[in-house]
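These are the residues of each chain, in order.
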Amino acid sequence: MKNSDVCAIFRQMAEIMEILGEDVYRIRAYQRAAQNIENLTEDIAAIAARGELTKIPGIGKELARKIEEILSTGTLQKYEELKKKVPPGLVELLQVPGVGPKTAKMLYEELGIESVAQLERLAREGRLKGLPGIQAKTEENILRGIGLLRSVQERRPLGLVLPMARHIVALLRERAPVSRVSLAGSIRRYRETVGDVDILAGSREPEAVMDVFIGLPVVAEVIAHGPTKSSIRTADGLQVDLRVVPEESYGAALCYFTGSKAHNIRVRELGVRRGLKINEYGVFRGEERIAGATEEEVLAAVGLPYIPPEMREDRGEIEAALEGRLPRVVDLGEIKGDCHVHSKYSDGSASLEEIAAKARRLGYEWVVVCDHSQSLKVAGGLDLAALAKKRAAIAAFNAKSRDVKLLCGAEVEIGMDGRLDYPDEVLAELDFVVAAIHTGLRQSREVQTRRLLSAINNPYVHAIAHPTGRLLGEREAYALDLEAIFKAAQATGTLLEINAYYKRLDLNDIHCRAAAEKGVKFAIGSDAHLLDQMDFLELGVGVARRGWLGPEQVINTLGYRELLVTLGRKGNSWLNK
Ligand code: DGT
Ligand code: CA
Ligand code: CA
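Here the residue numbers are simple positions, counted from 1 along each chain's written sequence. Each chain is given a letter, starting from A, and each ligand a number, starting from 1, according to the order in which they appear as written. Given that the model is predicted, a residue must reach a pLDDT of at least 70 before its local features are reported, and side-chain atom pairs must reach 80 or more before they are shown or counted; all residues, however, enter totals for whole chains, interfaces and linings. To obtain the side-chain values, all non-hydrogen atoms of the structure were included, while hydrogens and water were left out.

Q: Even after reading the chapter, I still don't get the packing of aromatic side chains, so can you show me in this structure?
A: Describing an aromatic ring pair means giving the distance of the ring centres and the angle of the ring planes. Each aromatic pair joins two rings of Phe, Tyr and Trp (for Trp, the six-membered one) with centres within 6.5 Å, and gets the label stacked for planes under 30 degrees apart, edge-to-face for over 60, and tilted for any other angle. If you walk through the whole model with that rule in mind, you get five aromatic pairs. Arranged with centres 5.6 Å apart and planes meeting at 90°, the rings of Tyr501 and Phe536 form a pair that is edge-to-face. With Tyr501 in the loop between strand S16 (495-499) and helix H22 (509-517) and Phe536 in the loop between strand S17 (522-525) and helix H23 (537-546), the pair connects residues that are 35 residues apart, well separated along the chain. On the basis of relative accessibility, which here comes to 21%, the residue Tyr501 falls in the partly exposed class. With a centroid separation of 5.4 Å and an interplanar angle of 40°, the aromatic rings of Tyr502 and Phe536 are classed as tilted. You can see Tyr502 sitting in the loop between S16 and H22 and its partner Phe536 sitting in the loop between S17 and H23, a full 34 residues away along the chain. A single burial state applies to Tyr502 and to Phe536, both of which are buried. The numbering of helices and of strands both runs from the N terminus, where a helix is a DSSP run of H or I of at least 4 residues and a strand a run of E of at least 2. Only protein chains enter the accessibility calculation, which uses a 1.4 Å probe; a residue whose area is less than 20% of its type maximum is buried, one above 50% is exposed, and one in between is partly exposed.

Q: Just checking my understanding: could you explain the coordination of the calcium ion (ligand 3) for this structure?
A: Ideal geometry at a metal centre: 109.5 degrees between donors when four sit tetrahedrally, and 90 or 180 degrees when six sit octahedrally. The rule for donors is simple: an N, O or S atom within 2.8 Å of the metal counts, and for Na, K and Ca the reach is 3.2 Å. Water is not among the atoms, so a site may look short of donors. Looking at the metal site, the calcium ion (ligand 3) is ligated by Asp196 (OD), Asp196 (OD), Asp198 (OD) and Asp241 (OD), spaced 2.3 to 2.7 Å from it. Summarised as a motif, the one-chain spacing of the donors to the calcium ion (ligand 3) is D-x1-D-x42-D. Between the two metals, the calcium ion (ligand 3) and the calcium ion (ligand 2), the spacing is 3.7 Å, and Asp196 donates to both. Residue class for Asp196 comes out buried when judged on its relative accessible area of 19%. We classify Asp198 as buried; its relative accessible area is 12%.

Q: Which parts of the structure should I look at to understand the site of ligand 1?
A: Distances are taken per atom, and a residue is near a molecule or strand as soon as one of its heavy atoms is within 4 Å of it. Residues in close proximity to ligand 1 total 16 residues, the closest being Arg155, Ser186, Arg189, Gly195 and Asp196. Asp198 places a side-chain nitrogen or oxygen 3.0 Å from an oxygen atom of ligand 1. Between N or O atoms, a polar contact is any pair within 3.5 Å; within protein, one atom must be a potential hydrogen donor and the other a potential acceptor, and residues adjacent in sequence are included only when both atoms are from side chains. The contact in question runs from a nitrogen atom of ligand 1 to an N or O atom on the side chain of Arg268, over 3.1 Å. For ligand 1, whose free accessible area comes to 590 Å², the fraction covered by protein is 75%. Among the secondary structure elements, those contributing two or more residues to the shell around ligand 1 are helix H11 (185-188), helix H13 (250-258) and helix H14 (261-273). Note on residue categories: nonpolar means Ala, Val, Leu, Ile, Met, Phe, Trp, Tyr, Cys or Pro, charged means Asp, Glu, Lys or Arg, and polar means any other residue, Gly included. Taken together, the residues of the shell around ligand 1 sort by class into three nonpolar, seven polar and six charged. Residue exposure ignores everything except the shown protein chains as possible cover, and the areas themselves are Shrake-Rupley values with a 1.4 Å probe.

And the structure:
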């Protein structure tokens, strides 16, 4: 039984209970439990074995007993009973936005519909008309809902969406009568993938703003056009939603449309306890608006400090904020360098001078120039002679440069037996050694863990590159005992990388937070192979913030001198404080 299996059972139970119209709070309890189990980095069976299930947030005695039953029998009596109460296809229909449990049940009973594809066909043929509660408009809405479902299922990597989203924001600022414009939704929270782009504008002339929006050159299709709310699709199929609100509602609307939905629900509950109603227009006591212009004001009305958007996932930020222990997370402005950039010496395209010039534009003090090691021939790995040449070139560059400094790094292959691709005396000469696995990705959990542990235990390895090896939408993480990796990284003062390349984002937010709780520190690297890819570092900072990391946990916040001292001796005070 894996964590994901336990999660799936709880999610299904919540959905079936929804069809059966059972208690909303019980349904929510199952959903929250599923989410929290999904976020675990440890095997749930191991937690159960220690008798610590109730330490998982959202898991009380009753749910703990159910988890134990699932672990020992492979299923749950209650789940089996629930399943018998509804036809299997019905649960699928519930995923369509606008199709609630009642409609799903009726569609099944009247027409035997039990899949989204079937629903789509019948709605297109106009065969839903005349059913209880179904009008022409309802069919249209269902089809739109199915489209929406597909667009959400088809999520895109954040790094590919951000440039277009910012371009549209810039165009609106330039051309529309807006006082303020901001990104909202998952993109503002720096989720690693986004369903659609949400933009919020403040204006006294919403209709004029909408006219500009739907007329922008990037618009390929207008999905909806209203006075305060419109949606468009760009040529490559990206959906962009724009909402316009009056200035005095801007903060409330920004809170609402930034989400996450789960976070918003919790904030609204806090409001209810104080007799307040919170929506996208403001915070209300009766008819009176008591807050709404800024996010700070809205959150303060329910007793909360400002919470960075990246933390708004209902992963404990509300509790932490209420108890005054919300950490201050690292800020992009505090980043003084990039820990992982490839140059022309291996498979990168930029020269040392170009890398330094780009770093200067980004406001950095330093960059670690990391090229591949000798055995990775496909990526132009450097043999010892080439590495010596690169070191000399970097030393010459640094002697001349009065601002940006370069560190001579290497991304060193970890062999199948855990051995590193350069001998120790060579590693010892490098400023920054990042060890990585690029071959033998399908080894067993034991082998993979052993390989990484052996790199972590090498006194010259400063960091482990992209520790889990996953690629968004392409490749799962390798089988790995992350707990053991975190523990060893902490004990030896080995940094774990937050690889900020848009497809990697590895470690991810959840793993970062778990590692940080074990005392691990982090190195953010863009892994740029092209100069412009150095901009991806921002995504890594987003991951760090979503992982609740403070500036003192991220080595990129150190100035050049401090960095050199810190890297000089592994196991020094900064690395495993
Ligand atoms: P995405 O687009 O799937 O990556 O994720 P989001 O979070 O951007 O979701 P989206 O675009 O559906 O909605 C944007 C925000 O609007 C969402 O984060 C919270 C808010 N929102 C949308 N629908 C609801 C709702 O039914 N209830 C509440 N409380 N908030 C909602
Ligand atoms: Ca969105
Ligand atoms: Ca949206």
